[in-house]
Amino acid sequence: MLYLQATWRGDWSSALTYSDGTGNNFYNYPALSLSWIFTEVFKNLPSVISYGKLRSNIAWLGSDTDPFTINPGFSFSGFNRANGGTIPTSTYSTRSILQENLQPARKFSRELGLEMRFFKSRAGLDVTVYQDNTKNQILEIGTTMESGANSILINAGNIQNKGVEISIDATPVSTGGFTWNTALNYSRNRNKIVELY
């Protein structure tokens, strides 16, 4: 009736390591989920309720940036023909000024849900509410021509994404040779800029 799952993962990113070996190049992904099938506990519920479960989970995610972004260098750009042969070519990029102590992007996700089945599982309801906050997104913003660079690489801020999803399904007809299943889904999502660079 009760399920608990925990996971953890860690990444080291060379894309967030500066040429002197420093940098915030490690980020981890802990996650925790818990679900409770309450119909296994409360046996005196109305007979129309076939199944009921509450669930919740929280998780942290991380990401880095493109290779050679914080350490400009040569990158592959294609092939050219020369002297009857094909040779690889590369370009050198110095597109951005770097923010000091660049952080990996982080996302914190939370979710709550309810699953219900009725009439011997002929009808069902699934409701989910969630909220995600993404911090330190690695973005380029434009700079003036006088700066001598096209852009500056920054950690952007805090973007919030929250919403609700509701799903209703039913089997109105189920005979020996014919079954009719139908479903209705509603979702609402709102994004909000909580904090900016």
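Residues numbered from 1 in each chain as written. Predicted model: local features only at pLDDT ≥ 70, side-chain atom pairs only at ≥ 80, totals over all residues. Heavy atoms only, no water.

S.K.: What's the story with the overall build of the chain in this structure? I'm lost.
M.R.: A tally of helices and strands in the chain yields zero helices and 14 strands. Starting at the N terminus and ending at the C terminus, the chain contains elements arranged as β-β-β-β-β-β-β-β-β-β-β-β-β-β. Whereas a compact globule of 197 residues would reach a radius of gyration of roughly 16 Å, the chain reaches 26 Å, over 25% beyond that. For the chain, the spread of C-alpha atoms along the principal axes amounts to about 75 × 45 × 30 Å. Across the 197 residues of the chain, 26% fall into the buried class. At a minimum sequence separation of 6, the contacts of the chain that also span at least 24 residues come to 60%. About 13200 Å² of surface is accessible on the chain, with carbon and sulfur atoms providing 56% of the total. A gap of 11 Å separates the mean positions of the 17 positive and 15 negative side-chain charges of the chain. (Helix = DSSP H or I, 4+ residues; strand = E, 2+ residues; numbered from the N terminus. Rg over C-alpha atoms; globule rule 2.2 N^0.38 Å. Buried < 20%, exposed > 50% of the residue type's maximum accessible area, 1.4 Å probe, protein only. Contact = heavy atoms within 4.5 Å. Areas by Shrake-Rupley, 256 points an atom, 1.4 Å probe, with all protein chains shown as cover. Lys, Arg positive; Asp, Glu negative; His and termini not counted. Charge placed at Lys NZ, Arg CZ, Asp CG, Glu CD.)

S.K.: I tried to follow the confidence of the model for the chain on my own but got confused; where do I start?
M.R.: For residues with low pLDDT, the predicted coordinates do not support detailed interpretation. Confidence in the prediction for the chain averages 88 pLDDT; 92% of positions are at 70 or higher. Within the chain, the lowest mean pLDDT, 67, falls on strand 8 (residues 96-98), and the highest, 98, falls on strand 4 (residues 31-36). (pLDDT = per-residue confidence, 0-100.)

S.K.: I tried to follow the packing of aromatic side chains on my own but got confused; where do I start?
M.R.: For any two aromatic rings, the description comes down to two numbers: the centre-to-centre distance and the angle of the planes. Applying the stated criterion across every chain yields a total of six aromatic pairs. Seen from their ring centres, W60 and F108 are 4.7 Å apart, and the 20 degrees between their planes marks the pair as stacked. Remark: F108 occurs in strand 9 (residues 105-118) and W60 occurs in strand 5 (residues 49-63); sequence separation between them is 48 residues. The class of W60 is partly exposed, set by a relative accessible area of 32%. Among the aromatic residues, ring-to-ring pairing joins W8, W12 and F26 into one connected group. The ring of Y29 has R9 lying over it, and the distance from NZ or CZ to the ring centre is 4.6 Å. (Phe/Tyr/Trp six-rings, centres within 6.5 Å; stacked < 30°, edge-to-face > 60°. Lys NZ or Arg CZ within 6 Å of the ring centre and 35° of its normal.)

S.K.: Mind showing me how you'd approach a positive patch on the surface here?
M.R.: Together, K162, R188, R190 and K192 line one region of the surface with positive charge. Tallying contributions element by element places strand 14 (residues 179-196) first for the positive patch, with three residues. (Patch = residues over 30% accessible without salt bridge, like charges linked within 9 Å, V, L, I, M, F, W, Y side chains within 5 Å. Salt bridge = Lys/Arg side-chain N within 4 Å of Asp/Glu carboxyl O.)

S.K.: Teacher, can you tell me more about the sheet that holds strand 1 (residues 2-7) here?
M.R.: Working definition: the strands of a sheet are paired by backbone hydrogen bonds and lie parallel or antiparallel to each other. Read from one edge of the open sheet, seven strands run 1-4-5-9-10-13-14, paired in antiparallel fashion. Strand pairing shows two members of the sheet lacking a second neighbour, strand 1 and strand 14, which therefore form its edges. Taking the axes of each pair of neighbouring strands and ignoring which way they run, one obtains an average angle of 10 degrees across the sheet. Judged from the six bridges that link them, strand 4 and strand 5 form a sheet pairing that is antiparallel. Note on strand 5: the bridge partner recorded for W36 is L54. (Pairing = 2+ DSSP bridges. Axes fitted to C-alpha atoms, helices over the stretch in contact; angles between N-to-C directions.)

S.K.: When you look at the environment of L114 in this model, what are you seeing that I'm missing?
M.R.: With respect to the helices and strands, the residue L114 is situated in strand 9. Between the C-alpha atom of L114 and that of T17, which follows or precedes it by 97 residues, the distance is 43 Å. When neighbours within four sequence positions are excluded, L114 is seen to be in contact with F38, K53, L54, R55, L125, D126 and V127.

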